[in-house]
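The lines below spell out each chain.
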Amino acid sequence: MRANPAVPVVEVASLRTRRETLRYPVPKHQSFFLPAPENRRSTRESLCEDLLDALALGVGDYFEKTGVFTKIGIALSGGRDSLLTLLIAHRWRRRPGRSSPAR
């Protein structure tokens, strides 16, 4: 067996650092190994999301069960009520588990 030659070490005085002065960015949750805790919604935000989901489910179920309508049309005036109506219809159309979106 042949011995490997020693690797030369070159000292460069201008590139010396002091390891104790190095600072690593620490995650906000103070752990490099554990995942960060999930961001929790406030009670108000959670309630509003639940209300929007319930309204979307109610409108969508009515639309599907009656079978009278072929399309959903929304007239937008630019007000808050128009935006809320659009949001409810959008949530119903994009909800998970739907087979095909209404056109």
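Just above sits the structure.
Residues numbered from 1 in each chain as written. Predicted model: local features only at pLDDT ≥ 70, side-chain atom pairs only at ≥ 80, totals over all residues. Heavy atoms only, no water.

Asks: Explain the overall build of the protein chain here, please?
Replies: For the protein chain, the count of helices and strands is 2 helices and 0 strands. Here the protein chain has a C-alpha radius of gyration of 30 Å; the compact-globule value for 103 residues is 13 Å, and the former is much larger. C-alpha atoms of the protein chain, sized along the principal axes, occupy 85 × 40 × 25 Å. A buried classification covers 11% of the 103 residues belonging to the protein chain. Of all intrachain contacts in the protein chain linking residues separated by at least 6 positions in sequence, the fraction that spans at least 24 positions is 47%. Carbon and sulfur atoms make up 58% of the accessible area of the protein chain, which amounts to about 10,100 Å² in all. Within the protein chain, one finds 18 positive and 10 negative side-chain charges whose respective centroids are separated by 6 Å. (Helix = DSSP H or I, 4+ residues; strand = E, 2+ residues; numbered from the N terminus. Rg over C-alpha atoms; globule rule 2.2 N^0.38 Å. Buried < 20%, exposed > 50% of the residue type's maximum accessible area, 1.4 Å probe, protein only. Contact = heavy atoms within 4.5 Å. Areas by Shrake-Rupley, 256 points an atom, 1.4 Å probe, with all protein chains shown as cover. Lys, Arg positive; Asp, Glu negative; His and termini not counted. Charge placed at Lys NZ, Arg CZ, Asp CG, Glu CD.)

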